[in-house]
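# Structure assessment
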Amino acid sequence: MIAIRIIPCLDVDCGRVVKGVAFKDLREVGDPVKMARCYYQQGADELALLDIGATFRSRETMVDIVERVSREIFIPLTVGGGLRTVEDIQRLLRAGADKVSLGSAALADPQLLARAAARFGSQCVVLSIDAGLDNGAWRVYSHGGRRETGWDAVAWARRGEELGAGEILLNSIDRDGSGQGYDLDLLRGVSAAVAIPVIASGGAGSLEQLAPAVLQGGAHAILLASLLHDGKQTVPEIKTFLREQGVICR
Amino acid sequence: MIGVIDYGAGNLHSVRKALDYLGLANSVIRAAGETAACDRLLLPGVGHFASAMERLQASAMAPVLQEWLAADRPFLGICLGMQLLFSASAEAPGVKGFGFFAGHARPYACRPRLQIGWNLVHAARPSAIWPNTASEYHYYVNGYHAVPADRNIVAAVSDYGGEFAAAVQCGRVWGVQFHPEKSAACGLDLLRRWGAS
């Protein structure tokens, strides 16, 4: 049985982790390498680094961060944000990323998924979907949730799988940062429609909301930001709690 | 010196970073003749069975590896690097592997077709890289797994829609289906013990 992965996610802008960060056991808050090390030591199963800066300088800094993180952190590393071409992807994989997450770029050019999968393998390609409820249907949004694309979330997930994505990172834009818990219907809809792992993201504000993403939503992994960064919970605490609910953790 | 074989695909950099972290001297091997200074070889994973064999033939590394394996010199194949030790793979019908182990690689029957994630590895017997037969989690990324003809070479098993060979060993030749270089402390310990075995 595959264990459910807990994936801390660091949003990085020009070399600094942004979003409310209040770490107990770190003197220098906001340094991605130090935070990555801390989560690795806590027992994180994977790490996600997302460049939210989307400027040339921020992207260049990300390559350097990935290079430094991968020298001392020996768990899978997923990197995303601003990747548009196979060459962009190759640079990050060379720097030490194991997977890349593609969102807006895949919507603008779906064949990018196919080209990336053909070149590096499906296991490298994570399709990131920002979904929101609109008139009773889940629509896909691009550009950080600002632009409606016309895609139905389940249909886009299926298409992404066909094109070669190896995993789906599913973010509910309605629940993101709300602390109300995951959109379980959305998770269930997508995870039932594809045969690749689905990573739940967006909405977790408490420990109690995590297990349902797996047990009811069918998620294979949970991406976490504020719940961890706020310093309220550690990775071991989260895993202990999940195990008590019957979720298999490493 | 550990020679890490570069066949153009593979997760060469990850493996080297892990070896560097452990202080195990290593160098990249791109062509036949570069193995002279090496006392162990490591064949990393990720990629396609056919293109990996093609590239190993094209760089004339294939016969060097054949000879190395036949001489029972220290060797570790990771993921695809383990599958290449077998005779063939359903991923590439008609393409021959090294055939050091009898058997072939087969796709998983269950969903998701790709095994992505941490799975328990149960060591079947005490050995140089598993001194005790504990169970530990390692990270997997694979759609195919080797099915050895000889059960005696199976050093460890995992379960993914049924039991499969997580590690195989004969003499000083090892193959692991998971990625020790991505398996946190357990994976690093395994690489350290292999490097010292």
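Cut-offs used in this document
Residues numbered from 1 in each chain as written. Chains lettered and ligands numbered in written order. Predicted model: local features only at pLDDT ≥ 70, side-chain atom pairs only at ≥ 80, totals over all residues. Helix = DSSP H or I, 4+ residues; strand = E, 2+ residues; numbered from the N terminus. Buried ≥ 20, exposed ≤ 12 C-beta atoms within 10 Å, placed from the backbone. Contact = placed C-beta atoms within 7 Å. Pairing = 2+ DSSP bridges. Core = buried A, V, L, I, M, F, W, Y, C linked by C-beta atoms within 7 Å. Axes fitted to C-alpha atoms, helices over the stretch in contact; angles between N-to-C directions. Parallel < 35°, antiparallel > 145°, perpendicular 65-115°, else oblique. Left-handed = near helix turned anticlockwise from the far one by under 90°. pLDDT = per-residue confidence, 0-100. Nonpolar A, V, L, I, M, F, W, Y, C, P; charged D, E, K, R; others polar. Arc of directions from axis to C-beta.

## Details of the overall build of chain B
Helix and strand content of chain B: five helices and 12 strands. Projecting the C-alpha coordinates of chain B onto the three principal axes gives extents of approximately 40 × 40 × 30 Å. Per-residue burial for chain B yields a buried fraction of 50% across its 197 residues. Contacts in chain B between residues far apart in sequence, at least 24 positions, make up 65% of those at least 6 positions apart.

## Digging into the sheet that holds strand E9 (residues 144-148) of chain B
Sheets are built from strands paired through backbone hydrogen bonds, the pairs being either parallel or antiparallel. Residues and elements named next belong to chain B. Taken together, three strands build an open sheet; the order of strands is E5-E6-E9 and the sheet is mixed. Pairing within the sheet leaves two strands with one partner each, and these edge strands are strand E5 (88-89) and E9. Note: E5 against strand E6 (residues 103-107), two bridges, orientation parallel. The residue bridging Ser-89 from the neighbouring strand is Ala-105, located in E6.

## A look at the nonpolar core
Residues Ile-7, Leu-49, Ile-168, Leu-170 and Ile-222 of chain A are the most contacted members of the largest nonpolar core, which totals 153 residues. In terms of residues, this core owes the most to one element, helix H3 (residues 61-70) of chain B, which gives six residues. Ignoring any residue separated from it by four or fewer positions in sequence, one finds Ile-222 of chain A in contact with Ile-4, Ile-6, Ile-7, Ala-200, Leu-210 and Ala-213 of chain A.

## Overview of the packing of helix H6 (residues 153-163) of chain A against helix H7 (residues 184-193) of chain A
All names here are of chain A. Running from N to C, H6 and H7 point in directions that differ by 30 degrees, and their axes come no closer than 9 Å. It follows from the interaxial angle that H6 and H7 lie roughly parallel. Like other packed secondary-structure pairs, H6 and H7 cross with a definite hand, here right-handed. In this structure, H6 contributes Ala-153, Val-154, Ala-157 and Arg-158 to the contact, and H7 contributes Leu-186, Gly-189, Val-190 and Ala-193.

## Quick word on the confidence of the model for chain A
Residue and element names in this part refer to chain A. Averaged over every residue, the pLDDT of chain A is 91; residues scoring 70 or more account for 95%. When mean pLDDT is taken per element in chain A, H6 scores highest with 98 and helix H9 (residues 226-229) scores lowest with 85. When the criterion is pLDDT under 50, residues 20-28 qualifies, and its contacts beyond four places in sequence or with other chains add up to 16 contacts.

## A short note on the interface of chain B and chain A
Counting residues at the interface gives 25 residues for chain B, matched by 24 residues for chain A. Secondary structure elements with two or more residues in the side of chain B that touches chain A: helix H1 (12-21), strand E7 (115-123), strand E8 (135-142) and helix H5 (184-196) of chain B. Its residues placed into classes, the side of chain B that touches chain A shows 12 nonpolar, seven polar and six charged.

## As for helix H2 (residues 49-58) of chain B
Quick reminder: α-helices carry 3.6 residues per turn. Residues three or four places apart thus point the same way. Residues and elements named next belong to chain B. Those residues of H2 that sit buried are Phe-49, Ala-52, Met-53 and Leu-56. Viewed along the axis of H2, the buried residues span an arc of 95 degrees, placing them on a single side of the element. A positive phi of about 65 degrees marks Ala-60, the residue just after H2.

## Here we look at the environment of Ala-106 of chain A
Residues and elements named next belong to chain A. With respect to the helices and strands, Ala-106 occurs in helix H4 (residues 104-108). Under the C-beta neighbour-count criterion, Ala-106 is labelled buried, with 27 such atoms within 10 Å. Sequence-wise, Ala-106 and Arg-84 are 22 residues apart; in three dimensions their C-alpha atoms are separated by 8.0 Å. Setting aside residues up to four positions removed in sequence, Ala-106 forms contacts with Leu-112, Leu-113, Leu-127 and Gly-160.

## Quick notes on the sheet that holds strand E12 (residues 173-176) of chain B
Residue and element names in this part refer to chain B. An order of E2-E1-E3-E4-E12-E11-E10-E7-E8 is seen for the nine strands of this open sheet, with the pairing classed as mixed. Edge positions in the open sheet fall to strand E2 (26-29) and E8, since each of these has one partner strand only. Between one strand and the next, the sheet's axes are offset by a mean angle of 25 degrees, whatever the strand orientation. Relative to E2, strand E1 (residues 2-5) runs parallel, the two being bridged by four bridges.

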